[in-house]
Structure formats: C-alpha cells, structure tokens
Amino acid sequence: MDFDVIIAGCGPAGAMLAAELRLHGVRVLVLDAETEPASFVRVVGLHIRSIELMAMRGLLDSLLEHGRRRPAGGFFAAIDKPAPTGLDTAHAYLLGIPQPVVVRLLEEHATRLGADVRRGCAVAGFEQDDEGVSVETSNPGERLRARYLVGCDGARSTVRKLLGVGFPGEPSRNETLMGEMEVGVPGAEVAARVAEVRETHKAFSIRPFPGGAHRVVVPVPGHVGDSTQPPTLEEFRRRLIAVAGTDFGVHSPRWLSRFGDATRLAERYRVGRVLLAGDAAHIHPPTGGQGLNLGVQDAFNLGWKLAAQVRGWAPETLLDTYQAERHPVAAEVLDNTRAQMELLSPEPGPRAVRRLLTELMDLDEVNRRLIEKITAIDIRYDFGEGPGPEPLGRRMRDIDVAQGRHLYDLLHHGRGLLLDRTGRLTAAGWSDRVDHLADPDAALDVPCALLRPDGHVAWVGDDQRDLDARLARWFGAPGSRA
Ligand SMILES: Cc1cc2nc3c(=O)[nH]c(=O)nc-3n(C[C@H](O)[C@H](O)[C@H](O)COP(=O)(O)OP(=O)(O)OC[C@H]3O[C@@H](n4cnc5c(N)ncnc54)[C@H](O)[C@@H]3O)c2cc1C
C-alpha cells in the first residue's frame, strides 16, 4: 500500500481532513488538480463552530492574524439584527477572512504534521476492492494504492461522479454576478441608490473595500449562465442597469465571477472504501456563508473516525456514524438556505414574509435560534438511543479547567478526553486514545463528561461500568490499538 488515505482535493475540507488524519499518524496523500488554492471566493466568514474547531487544534491565533472579527448577528437572509447576548460560546463573533488564506493555513498545518500534498495532479479514476483503492492520477500511467479514498474535490466532484452516487436536489434557477471593481460616481451617490434598490432586491449590494475598490453583487433572477465562465465587465454593466437603472460607471475590475443557486445533497457519503466530504457531498447558495464551514466540520467529524479505522481500533460501526451524523446536518443547512433564498426574493409574497420574520426576530428566542443554526452551535448528534441526558451529542463550549487552562487547549492532539469532576473514574484501558483530566472545579453541569476528539459529548454520568461501555463504543476495545 502506498498510502493509508488518498484525498482528492486540497480545498478547506481536504486540507482539514489531511491534518486530522495526520494527528493519528495516518499516511496521507492529498492530490489537487490546481497548482494554487482557488482565489475566486475571496472572503468567507468562519462561523462560531468553525472558529471553535480552529481553537481546538491550536490554529485560531494564526487565523485571527489574517482575519477581521465581526458581529455574529445579521447573517440569516441578511436580516440586520444584532446577535443575542449570552450565546453559549467563548467565541461569539464571525471571522471574516480570505478563503485562500484559510486553505493556505490549513494546508501548512497538514504538511507540518506530515501530510504529503501534491498540487497540479488530479484524481482521474479509481477502482476499489476488499483491501483498498487503486487511484489513477492525471499523470499519464500513474496508479497509486491506498486503503481509503476521500473525495473532497468540490461541487463537480469527479470522485462522486465515478462512484455513481446520486446528487438529487434543485438545479440552478438564478445566478448572481459578483466582482471587485472601481465605481465612477461619488460614494454617497452609490450608497443612496443601493439603499433604494435594496428595498426590493435584498441580494443586491455594492460595498467599499480597502484600497478604493468596491465589492459588487448583482442578482440575475431567472438566468443561468455557465458558472465556469467569468462574466465580462460589459455583462456586469448591463445587469447593473437592469437592476439599478445605472452602471455606477464601474471600471478597472480586479476579478469578476458568477455563481448559481443549485441545491443538492449526495445520497450517500460512503461507498465501501470511498467517502465524500465538503462541497463534493453538498451544494447550496452561499446565503448565510455556510458552505466552507459545513465542509470543514465534515472533515473534523470524519478525520478521527477514519483514522481509527486505519489504525485498527475503530468499533465496527464507527465509520458509519460519519454519514449518520453529517448527512442530516447538511440536509438542515440546505433547508435553511432554501428558506433564506425565498426571503431574499423581490416578489411581494416573500417580501411580506421577510417583514414578518424581521419583526419576529426582535424576540430573543427567535433571533437566538436562527443564529445558533447558521453558526452550527445548535447541532446535537443522534447516537441512535433517544435524546438522552443533556448535553449528550452536543458540542461542548470552551470552558475553564484546572491550572488556568482552557478545555480546548487539551484537545490539540485530536484525542478523546475524560473530564472528571469526581476524581474517582478512570479511562486507563484507553490511555493511548483518551486523556483524563480529574478536575473538581471544572465548569461542568454534570459530574463527568467523555468528549470525542471532535469535542462532542459521548457520555455524561459518574458510573465506571457505564463509562467503560461508552469508551468501548466510541474508542474500541481497551488496549487494542493496532
Ligand atoms: C460567492 C461565494 C461566497 C461564499 N461565501 C462563503 C462564506 O462566507 N462562508 C462559507 O462557509 N462558505 C462560503 N462559500 C462556499 C465555499 O466557498 C465552499 O463551500 C468551499 O470552498 C467548499 O470547500 P471544499 O473543500 O469542499 O471544496 P473546494 O473549495 O471546491 O475545493 C475542492 C478542491 O478540489 C480540487 N479538485 C477538483 N477536482 C479534483 C480532482 N479530480 N482531483 C484532485 N483535486 C480536484 C480543486 O482544485 C479544489 O482545490 C461561498 C461560495 C461562493 C461561490
């Protein structure tokens, strides 16, 4: 076997997955068709849950150096409401950061941990058998062998297509032109006209950017262009005139792009030894800025499980929990983007619903629910045994623990953690996979919690036999590391 895992695609999902696998010593090769990270999506927002993941792996400080903290509120269908106070997180903000920087930092993190990343080399085909997957690359005649292949190769995923996995959903019905350029009229005039147009076209915007350029976003309802072909400045001008009655004298574009609003979800995330993550598994319009976040969180869920499988300590059904947990999360994100797209429609019916929702969002509970949804801090995985006691299945926020440390600092190595306020429990049989912190003062509402490497709560209680059963369920037989 050349590698344990080959990952197709070094976007945010692929790079995150490679790093997670390397934390467990898995031999990883990442192949990316392009020589450079895609620069088309300039700035994305990392929402709270993704920020927490970065903190859990010690990456947050370097991301903060390159990004800008912004308020966490106002993202649901761009309805302008402040975030509610007291969100259950130590990181109640959005991090605005260029997507290529996120990819670069994750890729550097993965290679520092020992991942082999080859750019300018695509996955062109594969065949799987009982022992592994033979991968054909775009280098003529090259075939590589790995135990698993993961398609993190984006919306047009070659891996998904070759796997024959269905990708049902809705095709693109509307497109949006987006670009960075200069405007030829005074800023105040632009702002006034934009405010008028946005009365009906909520998806339209022109915002000044540092350095004199403006980010221009123009919806084109009912039109679907070829999203692989960037628009011309002339097309931008025509669309601006159609929507706003003026082209604002736009000139000197830095970049121009178009994207559609197709919404699709892969029927399966795994077929044998081949898995899918990120945009390869789900696509939806960028409203609310959730796509990259969702993909990075897929990778975080999959990484330790696939590593356990490769290392030989995975309980039998562990890898299947990847689809069981992440497929419903993606279905929920697709639904909330469908709802947001309706709320952005210039038609009178949806505009009336938007006004109503805007009013309802003054109720703290409504605003809070929507923000928790968009930021993915509301997720509670169903472990197939009913809801169980809180916070089972939920993520745990970063809390203060012994010696002035933070919980997330203890998760940098991607291992499980027994957080024990009683001081009389043990995870000794699993000490090669699970750390143990006895801390009577930990800010926990339960006596003890067992955390998975992704920070989700796998067990709460204070009974050793019960704990042993849970350790075996998530971390395999004691002392069984291959
Ligand atoms: C306008 C716009 C704004 C957005 N804003 C946000 C936002 O604010 N927040 C957010 O969370 N998301 C946002 N998104 C979505 C986000 O950009 C995507 O969800 C994200 O890039 C998906 O990451 P990925 O790693 O799954 O796939 P990609 O980023 O598409 O990466 C896939 C990689 O696979 C490579 N590849 C393709 N085929 C092959 C092959 N056969 N072999 C090897 N490599 C291959 C590609 O070169 C690429 O590097 C936005 C999207 C758009 C269009």
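Read on for an overview of the structure. (Residues numbered from 1 in each chain as written. Predicted model: local features only at pLDDT ≥ 70, side-chain atom pairs only at ≥ 80, totals over all residues. Heavy atoms only, no water.)

1. Quick notes on helix 12 (residues 464-475)
Here is step 1 of the chain: The terminal C-alpha atoms of helix 12, which comprises 12 residues, lie 15 Å apart, in line with the 16 Å expected from a rise of 1.5 Å per residue.
Here is step 2 of the chain: Turning to helix 12, its buried residues are Leu467, Arg470, Leu471, Trp474 and Phe475. Each buried residue of helix 12 sits inside an arc of 105° when the element is viewed along its axis, so together they form one side.
Here is step 3 of the chain: Structurally, helix 12 contributes buried residues whose contacts are with helix 8 (291-311), helix 9 (320-343), strand 21 (416-420), strand 22 (434-438), strand 23 (448-451) and strand 24 (457-461).
Here is step 4 of the chain: For helix 12, the N-terminal capping position is held by aspartate 463, with its side-chain oxygen 3.3 Å away from the main-chain nitrogen of arginine 465.
Here is step 5 of the chain: Positive phi shows up at glycine 476, right after helix 12, with a value of about 80°. (Helix = DSSP H or I, 4+ residues; strand = E, 2+ residues; numbered from the N terminus. Expected span 1.5 Å × (residues − 1). Buried < 20%, exposed > 50% of the residue type's maximum accessible area, 1.4 Å probe, protein only. Arc of directions from axis to C-beta. Contact = heavy atoms within 4.5 Å. Polar contact = N/O pair within 3.5 Å; in protein donor to acceptor, adjacent residues only side chain to side chain.)

2. Details of the site of the ligand
Here is step 1 of the chain: In the vicinity of the ligand, 29 residues are found, and the nearest of them are Asp32, Gln99, Asp279, Leu292 and Asn293.
Here is step 2 of the chain: In this structure, a nitrogen atom belonging to the ligand sits 3.5 Å away from a main-chain N or O atom of glycine 9.
Here is step 3 of the chain: Between the ligand and the protein, one listed contact pairs an oxygen atom with a side-chain N or O atom of asparagine 293 at 2.7 Å.
Here is step 4 of the chain: When the free accessible area of the ligand is taken as 1000 Å², the share hidden by the protein chains comes to 84%.
Here is step 5 of the chain: Among the elements of the structure, helix 1 (12-22), strand 2 (28-32), strand 3 (43-46) and helix 8 are those that each provide at least two residues to the shell around the ligand.
Here is step 6 of the chain: The residue inventory of the shell around the ligand, partitioned by class, reads 14 nonpolar, 11 polar and four charged. (Near = heavy atom within 4 Å. Areas by Shrake-Rupley, 256 points an atom, 1.4 Å probe, with all protein chains shown as cover. Nonpolar A, V, L, I, M, F, W, Y, C, P; charged D, E, K, R; others polar.)

3. Comments concerning empty space enclosed by the protein
Here is step 1 of the chain: Counted according to the given criterion, the structure contains two cavities of 30 Å³ or more.
Here is step 2 of the chain: By volume, the largest cavity amounts to about 90 Å³.
Here is step 3 of the chain: Lining of the largest cavity is provided by Arg49, Leu53, Gln297, Phe300, Asn301, Arg326, Ala376, Ile379, Tyr381, Asp454 and His456.
Here is step 4 of the chain: Breaking the lining of the largest cavity down by element, the ones donating at least two residues are helix 2 (48-56) and helix 8.
Here is step 5 of the chain: A total of three residues in the lining of the largest cavity trace back to one element, the largest contributor, which is helix 8.
Here is step 6 of the chain: Class assignment for the residues of the lining of the largest cavity results in five nonpolar, three polar and three charged.
Here is step 7 of the chain: Approximately 60 Å³ is the volume found for the second largest cavity.
Here is step 8 of the chain: Residue composition of the lining of the second largest cavity, by class: seven nonpolar, five polar and no charged. (1 Å grid on protein atoms, 1.4 Å probe; cavity = no way out; pocket = protein on both sides within 12 Å on 5 of 7 lines; lining within 4 Å. Points joined across faces, edges and corners; volume = space filled by probe spheres on them.)

So far we have only geometry, and geometry alone does not tell us how the molecule works.
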